[in-house]
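# Notes for the structure review
One letter stands for each residue in the lines below.
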Amino acid sequence: MTKDKLFNRAGYLKENYHYFHLRDTAGQERDFHFHEFDKVVVLLSGHVDYTVEDITYALKPWDVLLVKHHTIHKALIDKTEPYDRVIIYLDGKYFDRIMPNAGLMDCFEKADKDARQRITPDDGQQEQLAAALEDYEAAMRDEELGAEAIRDTQMVKLLVLINRIYASGSSAPDRTEAARDPKIGAVLSYINENLGRELSVDELAEQAYLSRYHFMRLFKAQTGSTVHAYVRQKRLLYAARLIREGESAARAAVESGFSDYSAFHRAFRESFGISPGQLKK
């Protein structure tokens, strides 16, 4: 894999949502990647370190991880223990459409904004979560008339519960995130706020008050990516969002910081598997 392709789009969602309950001793590890859909991870047993952007969460049983679409992430799994987890893929637009005032996807927006993607339910919330997962899996086994409607209802109830747990702010103090250098955190915020500008390594190093060499080493250690690859992927994700919101591909390229449209078109196709024009259609 080249340095410019450290991140990959992973998985497709052709349904409104998809629920997985996976049990194995290894799990599936991927390099840094992102999805077009929102993702919930509930760890039931085992140990896994999830890196979301520049924060690494050491998940413990019953921790819940919220990964917003387009967020770069990676799992590092302890393969010495059984790995039991629930993973849910969600098409946020579907839930916003069927229940526009319910705020079912608000937890993803808040998690992304606050850089607090992990939820640690207390004992009572764990019991509620376990019951909600059990109810949904029972609905999955139901083949009677109206079973699909029951599954949809159970999924909505599960999302309501997750939002309530997130709003309660539950987070155990002994499960703090891995060390995050505030200088790199500030640079990541700066990148996200200035994607339309030229973002050289030297400029970003100055933002962090570090030498070019020290900054590049620290950035790679914190994010798992080179500076160039990270900035380029963030530009592409921003351009894709602009195109979906109605901007022309040419305008989206400029707004996201690409001065050469042919280079943008090539990078876009390499990253997303489709051209900007196809995405717009």
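Residues numbered from 1 in each chain as written. Predicted model: local features only at pLDDT ≥ 70, side-chain atom pairs only at ≥ 80, totals over all residues. Heavy atoms only, no water.

## A word on the nonpolar core
Counting 30 residues, the largest nonpolar core has Val40, Leu66, Leu90, Phe95 and Met155 as its most contacted members. The biggest single contributor to this core is helix α4 (residues 147–168), with eight residues. Excluding residues within four positions of it along the chain, Phe95 makes contact with Asn16, Tyr17, Leu90, Pro100, Leu104, Met105, Met155, Val156 and Leu159. In terms of nonpolar packing, the next biggest core, distinct from the first, is built from 19 residues, Val201, Leu210, Leu218 and Val227 among them. (Core = buried A, V, L, I, M, F, W, Y, C linked by side-chain atoms within 4.5 Å. Buried < 20%, exposed > 50% of the residue type's maximum accessible area, 1.4 Å probe, protein only. Helix = DSSP H or I, 4+ residues; strand = E, 2+ residues; numbered from the N terminus. Contact = heavy atoms within 4.5 Å.)

## So, the sheet that holds strand β10 (residues 118–119)
Pairing within the open sheet is antiparallel, and its five strands lie in the order β2-β9-β4-β7-β10. Looking at which strands have only one partner, the edges of the open sheet turn out to be β2 (17–24) and β10. With eight bridges connecting them, β2 and strand β9 (residues 83–90) associate as antiparallel partners. Its bridge partner lying in β9, Arg23 is registered against Asp84. Sheet strands touched by helix α2 (residues 106–114): β4 (38–45), β7 (64–67) and β9. Its angle to β7, the strand with the most contacts, is close to 85°. Against the sheet, helix α3 (residues 123–141) touches β2, β4, β7 and β9, its axis set at about 105° to β2. (Pairing = 2+ DSSP bridges. Axes fitted to C-alpha atoms, helices over the stretch in contact; angles between N-to-C directions.)

These results come straight from atomic positions and should not be treated as a statement about function.
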